[in-house]
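# A structural walkthrough
Given next are the chains, with one letter for each unit.
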Amino acid sequence: MSIHGTPVKKVPIHLQSAQNRILIKGGKIVNDDVISEGDIYIEDGIIKQVGRDLTIPGGTRTIEARGKLIIPGGIDTHTHMQAPFMGSVSVDDFYHGTKAALAGGTTMIMDFVIPLKGESLLEAYDKWRNWADSKVCCDYSLHVVVPNFNPKVRQEMEILTKEKGVNSFKMMMAYKNFLMIRDDEMIQIFDACRELGALGMVHAENEDAIELLANKLLAMGVTGPEGNDQSRPEEVEAEATNRAIVLADTVNCPVYIVHVMSKMAADVIAEKRKQGILCFGEPIAAGLGTDGSHQYNKCWRHAAGHVMRPPLRLDPTTSGYLLDMLASGNLQTTGSDNCTFNADQKAIGKDDFTKIPAGVNGVEDRMSIIWEKGVMTGKLDPCQFVAVTRDRKSVV
């Protein structure tokens, strides 16, 4: 009986055991290098044994998996939950976002701390931890965006790395007057990352070229979501990708290019890897699952719903090309860049496409999109699926 007099239903001890102990029996266990038949014993959410004819305690619930694939949960390398951005806050908070992740087979997300103007890296990190810790339904970790560089920032990067477990820092070559970093600071951040044993990450676009093109389009009366595509051609993504890799390599820092959206940017990464440069590329669920034609839809809300940066590309063969690059190892990981805004939030930019909050969904859909577009088409086998949705993250 509870202190409020409401009866409490007791769970029998054998059912308590069944909740904590699970045997997945007779399935095909998929890893990134091999598929093998066997059983998996899980206790208190931890895999304890893998093999055949396992010795397990009584009171274990058995899930029959014969003839089925047993695939490990995915890791989404790129999310933005409840993120303040472009005058709005993304609508998926850490509870709803991670709940959606689990529904889609992802058991860990990697989110981004984005400091506000005047906010220190440590203050922003603590804020994100407070938001996430009380809400998350799955495992998570945090990258940290570095919007400028000076001795204090360098000191905070060291604290984050040595005391908080952060090992990746992101630089934005886009979003002028907000988060954009210039080359002179970017190379210093890369150098600091190398010294700290951290990974440098980059949103690669040439913002100066974009600004010029956007202003010309607005002057011609182009205000709708199609302007997002027209002001951000593949060339500005590829040029910035090349520049970021060159700067990182100058100080011998590994670099990770987030949301690779175009053939040209993917080709840059592939070529630099052939030269022996340590760089990595991450296509995302939206770019693997659809194309940029939606930005030209006659329904403004539909078109604005597909606005992200870099944009989805008009070339309908881009998604297949990026999947081929994943299969060959020229691109390595996959994220979702889940950063959702509702129609009212998107409407901030109804008269100016540059003000449309950039972001799409994908944290729930990533695994199924890559299975459908990759495995079902023969571009990826199940082992490669596990590699690109999960295991290559640990290698990077």
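Note that the coordinates shown come from a computational prediction; the quantities given were computed from them, not determined experimentally.

M157, F169, F190, V202 and I257 are the most contacted members of the largest nonpolar core, which totals 87 residues. Once you skip the residues sitting within four places of it in the chain, M157 turns out to touch L121, V146, F149, F169, I189, A192, C193 and L196.

It is worth spelling out unusual backbone geometry at this point. Between R309 and the following residue, P310, the backbone shows a cis peptide bond with an omega angle of -5°. Within the secondary structure layout, P310 lies in the loop between helix 11 (300-304) and helix 12 (318-328). We note that N252 has phi near 60°; this positive angle belongs to a residue other than glycine. Its location among the elements puts N252 in the loop between helix 8 (234-250) and strand 13 (255-257). Owing to a relative accessible area of 59%, N252 belongs among the exposed residues under this scheme. Although it is not a glycine, H259 sits at a positive phi angle of roughly 30°. Positionally, H259 belongs in the loop between strand 13 and helix 9 (263-274).

Let's shift gears to helix 5 (residues 183-196). An ideal rise of 1.5 Å per residue puts 20 Å on 14 residues; helix 5 measures up with 20 Å between its terminal C-alpha atoms. Residues of helix 5 that are buried: M186, I189, F190, A192, C193 and L196. Along the axis of helix 5, the buried residues cluster in a sector spanning 160°; they form a single face. Buried residues in helix 5 make contact with helix 4 (151-163), strand 11 (168-172), strand 12 (199-203), helix 8 and strand 13.

Across the sheet, seven strands lie side by side as 6-9-10-11-12-13-14; this open sheet has parallel pairing. If you trace the sheet from one side to the other, it starts and ends with strand 6 (74-79) and strand 14 (279-281), each paired once. With strand direction ignored, the average angle separating the axes of adjacent strands in the sheet is 25°. Sheet topology note: the strand 6/strand 9 (residues 106-113) ladder contains four bridges and is parallel. What sits directly across from I75, in strand 9, is M108. Of the strands in this sheet, strand 9 and strand 10 (139-145) touch helix 3 (residues 121-133), which is tilted by about 155° from strand 10. Across the sheet, helix 5 lies against strand 11, strand 12 and strand 13, angled at about 150° from strand 12, the strand it touches most.

Glancing now at the environment of D291. By the element assignment, D291 lies in the loop between helix 10 (285-289) and helix 11. With a relative accessible area of 18%, D291 lands in the buried category. As a C-alpha pair, D291 and M261 span 30 residues in sequence and 9.8 Å in three-dimensional space. Those residues within four positions of D291 in sequence are excluded, and the remaining contacts are L312, R313, L314, D315 and P316. Within the structure, D291 has its side chain in polar contact with the side chain of S293 (distance 2.5 Å).

Rules used in this analysis
Residues numbered from 1 in each chain as written. Predicted model: local features only at pLDDT ≥ 70, side-chain atom pairs only at ≥ 80, totals over all residues. Heavy atoms only, no water. Core = buried A, V, L, I, M, F, W, Y, C linked by side-chain atoms within 4.5 Å. Buried < 20%, exposed > 50% of the residue type's maximum accessible area, 1.4 Å probe, protein only. Contact = heavy atoms within 4.5 Å. Helix = DSSP H or I, 4+ residues; strand = E, 2+ residues; numbered from the N terminus. Expected span 1.5 Å × (residues − 1). Arc of directions from axis to C-beta. Pairing = 2+ DSSP bridges. Axes fitted to C-alpha atoms, helices over the stretch in contact; angles between N-to-C directions. Polar contact = N/O pair within 3.5 Å; in protein donor to acceptor, adjacent residues only side chain to side chain.

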